[in-house]
Amino acid sequence: MLDTTHTHSGYLTGQFLIAMPSMTDPRFQRSVIYLCVHNAEGAMGLVVNRLVDSLTFDELLEQLNIGRPDGGEEIRVHFGGPVESGRGFVLHSADYSREGTVLMDNGIGLTATVDILRDMAGGTGPRDSLLALGYAGWGPGQLDAEIQENAWLTVPAEPDLLFDKALDRKWDRAVATIGFDPSLLSSEAGRA
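Given the structure is predicted, the values throughout are model-derived calculations rather than measurements. (Residues numbered from 1 in each chain as written. Predicted model: local features only at pLDDT ≥ 70, side-chain atom pairs only at ≥ 80, totals over all residues. Heavy atoms only, no water.)

A look at the overall build of the chain
For the chain, the helix and strand inventory stands at five helices and nine strands. Counting from the amino terminus, helix and strand elements in the chain follow one another as β-β-β-α-β-β-β-β-α-β-α-β-α-α. Within the chain, buried positions represent 44% of all 192 residues. Summarising the internal contacts of the chain: among those between residues at least 6 apart in sequence, 68% fall at separations of at least 24. For the chain, the exposed surface amounts to about 9800 Å²; the carbon and sulfur share of it is 48%. (Helix = DSSP H or I, 4+ residues; strand = E, 2+ residues; numbered from the N terminus. Buried < 20%, exposed > 50% of the residue type's maximum accessible area, 1.4 Å probe, protein only. Contact = heavy atoms within 4.5 Å. Areas by Shrake-Rupley, 256 points an atom, 1.4 Å probe, with all protein chains shown as cover.)

This is the structure we're talking about:
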């Protein structure tokens with residue numbers, strides 16, 4: 001994973017990437033991605049509006065030999081991206097911080113240790129969280145080039161949208177934060 005300590009203004013860490021209608025890669029069509037890292041080394045983010053159909057949180061806990069009391073909160077497993085799909089990441093509210101947690105400027109934390117899964121299973125995890133398997137990654141300059149080619153829109157990430165459980169509306173809601181109707185977005189990229 002990319003070094004998270006060397007970010008500066010001009011980079012998009014803590015922002016949402018919104019796939020434009022012209023996105024042809026089926027893994028990212030109508031996706032909203034939270035950018036965890038964006039710096040000179042590249043970018044890393046998590047898709048926040050898709051679920052993994054093949055695995056539940058309880059099944060994941062069973063694979064990791066983590067017990068869970070009955071009646072615990074339903075925790076959904078998201079498709080974070082196509083890279084390292086067996087690796088887990090939790091985006092969460094800043095009320096939770098343990099060794100290995102990276103807190104971003106906008107009050108969002110990222111933890112990728114098994115400890116957070118134990119805490120979530122036991123009811124002592126963060127107030128708000130989003131569990132994802134895998135991530136989306138870009139090499140140096142790659143994301144910047146894709147943005148220049150009109151593949152992505154960027155907007156500030158809002159925690160209420162990030163942690164919203166209504167996944168089917170996240171793309172439309174993210175686009176609407178820009179201030180216009182998503183149906184007006186062209187699927188054709190152009191240059192002035």
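Examining empty space enclosed by the protein
Evaluated as defined, the whole model comprises one cavity of 30 Å³ or more. As a volume, the largest cavity reaches approximately 130 Å³. Looking at the lining of the largest cavity, the elements with two or more residues in it are strand E8 (129-138) and helix H5 (167-176). With three residues, E8 is the single largest residue contributor to the lining of the largest cavity. (1 Å grid on protein atoms, 1.4 Å probe; cavity = no way out; pocket = protein on both sides within 12 Å on 5 of 7 lines; lining within 4 Å. Points joined across faces, edges and corners; volume = space filled by probe spheres on them.)

Quick word on the confidence of the model for the chain
Regions with low pLDDT carry predicted coordinates that are not meant to be interpreted in detail. Chain-level pLDDT for the chain is 87 on average; 88% of the residues reach the 70-or-more range. The secondary structure element of the chain with the lowest average pLDDT is strand E6 (residues 102-103), at 90, and the one with the highest is E8, at 97. Segment residues 1-9 is flagged for pLDDT under 50; beyond a separation of four residues in sequence, or across chains, it makes 18 contacts in the model. (pLDDT = per-residue confidence, 0-100.)

Observations regarding the side chain of Thr111
By secondary structure assignment, the location of Thr111 is in strand E7 (residues 108-111). Within the structure, Thr111 has its side chain in polar contact with the side chain of His92 (distance 2.7 Å). At 2.7 Å, the side chain of Thr111 forms a polar contact with the side chain of Thr101. Beyond its immediate sequence surroundings of up to four residues, Thr111 is in contact with Phe89, Val90, His92, Tyr96, Gly100, Thr101 and Ile116. (Polar contact = N/O pair within 3.5 Å; in protein donor to acceptor, adjacent residues only side chain to side chain.)

A short note on helix H2 (residues 114-121)
Residues of H2 that are buried: Ile116, Leu117, Asp119, Met120 and Ala121. Residues of H2 that are buried in the fold lie against helix H1 (57-63), strand E5 (83-93), E7 and E8.

Side note on the pairing of E5
Pairing of E5 with E8 involves six bridges; the strand directions are antiparallel. Looking across to E8, one finds that His92 is bridged to Ser129. Where E5 lies against E7, four bridges are found, and the strand directions are antiparallel. Note that in E7 the partner of Ser93 across the bridge is Ile108. (Pairing = 2+ DSSP bridges.)

A look at the nonpolar core
One finds Phe16, Tyr34, Cys36, Leu46, Val48, Leu91 and Leu162 to be the most contacted residues of the largest nonpolar core, which totals 27 residues. Counting residues in each nonpolar core, the second largest holds 16 residues, with Val52, Val77, Tyr96 and Leu131 among its members. (Core = buried A, V, L, I, M, F, W, Y, C linked by side-chain atoms within 4.5 Å.)

Concerning the packing of aromatic side chains
The geometry of two aromatic rings is summed up by the distance between their centres and the angle between their planes. Enumeration over the complete set of coordinates arrives at four aromatic pairs. A centroid spacing of 6.3 Å and a plane angle of 80° characterise the contact between Phe16 and Tyr34, whose relative ring orientation is edge-to-face. Within this pair, whereas Phe16 is found in strand E1 (residues 15-19), its partner Tyr34 is found in strand E2 (residues 32-39), the two being separated by 18 residues in sequence. A relative accessible area of 1% places Phe16 in the buried class. On the basis of relative accessible area, Tyr34 is assigned to the buried category, the value being 0%. Between the aromatic rings of Phe28 and Trp152, the centroid separation amounts to 6.0 Å while the plane-to-plane angle is 70°, which identifies the pairing as edge-to-face. (Phe/Tyr/Trp six-rings, centres within 6.5 Å; stacked < 30°, edge-to-face > 60°.)

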